[in-house]
Amino acid sequence: MAGQDKITFQVDGEKAEEFYVLEQTRIGGAEYLLVADCAEGDGEAMILKDLSGDGETEGLFAVVEDDEELAAVAGVFESMLEDVELVEE
């Protein structure tokens, strides 16, 4: 899925929003996506955790907000993508 694919999310029952999937990884049995609002350059990025159950046809993702989990996953993504630096705002 990673590598500039677009994915559409329905956010809190509101309008659909599209993000570019920059990278994907599995840590401790959980699947994570690094998504951004633009394919290249400086943009807003988020790390999402897949909360979907096995066999579900639609994915359920949540923004990673726990500071320790976010730092660990961000470090993995930074090492996977040489030219990416994730900065918390």
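Data block above holds the structure.
Computed from a prediction, not measured in an experiment: that's the story for all the values here. (Residues numbered from 1 in each chain as written. Predicted model: local features only at pLDDT ≥ 70, side-chain atom pairs only at ≥ 80, totals over all residues. Heavy atoms only, no water.)

Trainee: I'd love a proper account of the overall build of the chain, names of residues and values included.
Mentor: When helices and strands are counted, the chain shows one helix and five strands. For the chain, the α and β elements follow one another from N to C terminus as β-β-β-β-β-α. Classification of the 89 residues of the chain by burial places 25% in the buried group. Intrachain contacts of the chain at a sequence separation of at least 6 include 23% that bridge at least 24 residues. Surface summary for the chain: the accessible area is close to 6,300 Å², and the carbon and sulfur share equals 44%. (Helix = DSSP H or I, 4+ residues; strand = E, 2+ residues; numbered from the N terminus. Buried < 20%, exposed > 50% of the residue type's maximum accessible area, 1.4 Å probe, protein only. Contact = heavy atoms within 4.5 Å. Areas by Shrake-Rupley, 256 points an atom, 1.4 Å probe, with all protein chains shown as cover.)

Trainee: Please provide a residue-by-residue account of the side chain of Glu31, values included.
Mentor: For Glu31, the position within the fold is in strand E3 (residues 30–36). Judged by its relative accessible area of 16%, Glu31 is buried. A polar contact of 2.8 Å, which involves the side chain of Glu31, links it to the side chain of Gln24. A polar atom in the side chain of Glu31 sits 3.0 Å from the side chain of Arg26. (Polar contact = N/O pair within 3.5 Å; in protein donor to acceptor, adjacent residues only side chain to side chain.)

Trainee: Can you break down the pairing of E3 residue by residue, with the values?
Mentor: Most of E3 is tucked away, with seven of its seven residues classed as buried. By the alternation rule, side chains of E3 split into Ala30, Tyr32, Leu34 and Ala36 and Glu31, Leu33 and Val35, which are all buried. Linking strand E2 (residues 16–27) back to E3 in an antiparallel pair, the connection comprises two residues, with Gly28 at a positive phi of about 55 degrees. Note: E3 against strand E4 (residues 45–50), five bridges, orientation antiparallel. Counterpart to Leu34 in the pairing with E4 is Ile47. (Pairing = 2+ DSSP bridges.)

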